[in-house]
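Fold and contact review
Each chain, written out:
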Amino acid sequence: MSQTTVSRALNGFPEVSEKTRQLVLAAAAKHNYKPNSRARRLATGKSMTIGHLVSVSKEHEMVNPIFADFIAGASARYAQSGYDLLLSLVPDEDEFTSYKELAARSAVDGVVVHAPRADEQRIAQLNDLNIPFVVHGRSSNTIEKYNWVDVNNERSFYRATQLLIELGHKTIGLINGVAEMDFAMRRAKGYRRALKENQIKLTDDYLTHSEMTEPNGYKNALTLLDLPTPPTALVTSSIIMANGIRRALDERDLKLGRDVSVITHDDDLSYFRDAAAVPVYTATRSSVREAGRLSADLLLKIIADPGRAPEGILLDAELILGSSTKPPRKP
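Residues numbered from 1 in each chain as written. Predicted model: local features only at pLDDT ≥ 70, side-chain atom pairs only at ≥ 80, totals over all residues. Heavy atoms only, no water.

**Quick notes on the overall build of the protein chain**
Secondary structure assignment for the protein chain yields 11 helices and 12 strands. Among the 331 residues that make up the protein chain, the fraction classed as buried is 50%. Sequence-distant contacts in the protein chain: of pairs separated by 6 or more residues, those separated by 24 or more amount to 70%. (Helix = DSSP H or I, 4+ residues; strand = E, 2+ residues; numbered from the N terminus. Buried < 20%, exposed > 50% of the residue type's maximum accessible area, 1.4 Å probe, protein only. Contact = heavy atoms within 4.5 Å.)

Okay, structure coming up:
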């Protein structure tokens, strides 16, 4: 095997077959080979660093178990290809300035964009800066071309709502994420579509938007339970919020599943994984760690081949039945 082939395999070049790559990686592991990062930077002219900028404000904080699992999946892939991870927390208003500074200093070879809004300005800005990037999610209202990895949020929440309707529920609430986030908009669209197709008319009082935290799940559940006609079922955007919903039900002496059915989107979080034969929650399950790995793979391909056409990767969530969903309780 030539030195060039070995080098390309270690650096994650796409033209090297997976079989060859695994042989090279196995040999490197056997001999405890670690490439010299400084020599690699000098030889390639690259920083060998991937940037993740996290916007933090009083209203929106990305540092949570979902983000942690995504980073775990992505960083493992970076390490395999000899890349370092640069993680920066920046105020919302300073994010684009930070991207410009990274580009001016050639500090990173690419970036991953998190939490896209339906009207996402960062995509056009990064295209103008000519920095390779991948968006974790999508932006429905942009006309820009870009690379992305996303879960089929609309279909997931359509299926979840449809399941509850098939069980006999007619008053179904949605406890959703922040309304401006693209994923939340798509989830609400799937929820509404299922209701419309089944001729179920519910007011917007049955839909709440907020940060996906346990306290917000608790507070929003209580708000819905206080409606003149409270929901017999709830769909929620996060297992973290689902735990808040469960606390609200306990406080009202209501039993999860028996009195109020709940379906959650759980992102298959390692910290909250339910290994029981019958899970507590019925869930639309999607691995955010796998999304991190796929985003990293796509970004490394763009860095290796800047001229490649933009690509989108759409993942389907698996509907997992648990003990939290049953037909509505008879009066």
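**Observations regarding the sheet that holds strand β7 (residues 207-209)**
Here we have six strands laid out as an open sheet, ordered β7-β6-β8-β9-β10-β12, and mixed in their pairing. Pairing within the sheet leaves two strands with one partner each, and these edge strands are β7 and β12 (318-320). When the angles between neighbouring strand axes are averaged without regard to direction, this sheet yields 15°. Two strands pair when backbone bridges link them, and strand β6 (residues 172-176) and strand β8 (residues 233-236) are joined in this way by four bridges, in the parallel orientation. Bridge pairing in β8 links L174 to V235. Across the sheet, helix α9 (residues 214-225) is in contact with β6, β7 and β8; its angle to β6 comes to roughly 155°. Against the sheet, helix α10 (residues 239-251) contacts β6, β8 and β9 (261-265), and its axis sits at roughly 160° relative to β9. (Pairing = 2+ DSSP bridges. Axes fitted to C-alpha atoms, helices over the stretch in contact; angles between N-to-C directions.)

**Let's talk about the sheet that holds strand β11 (residues 312-315)**
In space, the six strands of this open sheet follow the order β2-β1-β3-β4-β5-β11, with parallel pairing throughout. Among the strands making up the open sheet, the edge pair consists of β2 (84-91) and β11. Taken over all neighbouring pairs, the strand axes of this sheet differ in orientation by 20° on average, direction set aside. Summarising the sheet, strand β5 (residues 147-151) and β11 pair through four bridges and their orientation is parallel. The residue bridging D150 from the neighbouring strand is L314, located in β11. In the packing of helix α4 (residues 65-80) onto the sheet, the strands contacted are β1 (49-56), β2, β3 (110-113) and β4 (133-136), and the crossing angle to β1 comes to about 170°. Along the sheet, helix α11 (residues 288-304) makes contact with β1, β3, β4, β5 and β11, crossing β4 at roughly 160°.

**Structural notes on helix α7 (residues 153-166)**
Between the first and last C-alpha of α7 there are 20 Å, a value that for 14 residues agrees with the 20 Å anticipated at 1.5 Å per step. For α7, a buried count of 11 out of 14 residues is recorded, marking the element as mostly surrounded by other parts of the structure. For α7, the set of buried residues is N153, E154, S156, F157, Y158, A160, T161, Q162, L163, L164 and I165. Residue G168 follows α7 closely and has a positive phi angle near 110°. (Expected span 1.5 Å × (residues − 1).)

**Some remarks on the packing of helix α5 (residues 95-104) against helix α6 (residues 122-129)**
Where α5 contacts α6, the axes come no closer than 11 Å and their chain directions differ by 20°. Judged by the inter-axis angle, α5 sits roughly parallel to α6. As α5 packs across α6, the resulting crossing turns out to be right-handed. Residues E95, F96, Y99 and K100 of α5 touch α6, and the partners they reach there are R122, Q125, L126 and L129. (Parallel < 35°, antiparallel > 145°, perpendicular 65-115°, else oblique. Left-handed = near helix turned anticlockwise from the far one by under 90°.)

**Here's the deal with the environment of L89**
With respect to the helices, strands and loops of the structure, L89 is situated in strand β2. As for L89 and V56, which are separated by 33 residues in sequence, their C-alpha atoms are 6.6 Å apart.

**Section: a negative patch on the surface**
There is a patch of like negative charges on the surface, built from D92, E93, D94 and E101. With respect to the helices and strands, E101 occurs in helix α5. (Patch = residues over 30% accessible without salt bridge, like charges linked within 9 Å, V, L, I, M, F, W, Y side chains within 5 Å. Areas by Shrake-Rupley, 256 points an atom, 1.4 Å probe, with all protein chains shown as cover. Salt bridge = Lys/Arg side-chain N within 4 Å of Asp/Glu carboxyl O. Lys, Arg positive; Asp, Glu negative; His and termini not counted. Charge placed at Lys NZ, Arg CZ, Asp CG, Glu CD.)

**Considerations on the side chain of S237**
Within the secondary structure, S237 sits in the loop between β8 and α10. On the basis of relative accessible area, S237 is assigned to the buried category, the value being 0%. Excluding its chain neighbours within four sequence positions, the residues that come into contact with S237 are F157, I175, N176, G177, F183, R187, M212 and H265.

**Some thoughts on the side chain of S324**
In this fold, S324 is placed in the segment after β12. Classification of S324 by relative accessible area gives buried; the value is 0%. Once residues lying within four places of it in the same chain are set aside, the contact partners of S324 are L256, G257, V260, S261, V262, V280, Y281 and T282.

**Quick notes on the pairing of β5**
In terms of residue burial, β5 counts as a mostly covered element, since five of its five residues are buried. Where burial is concerned, the two faces of β5 agree: the one with N147, V149 and V151 and the one with W148 and D150 are both buried. Where β4 and β5 come together, three bridges link them in parallel fashion. Among the inter-strand pairings, V134 is bridged to a residue of β5, identified as N147.

**Quick word on the environment of I71**
You can see I71 is positioned in helix α4. Residue I71 is classed as buried on the basis of its relative accessible area of 12%. Considering only alpha carbons, one finds I71 and L85, 14 residues apart in sequence, at a separation of 9.2 Å. The residues contacting I71, other than those within four sequence positions of it, are H52 and L85.

Keep in mind that these numbers describe shape and distance, not what the molecule does.
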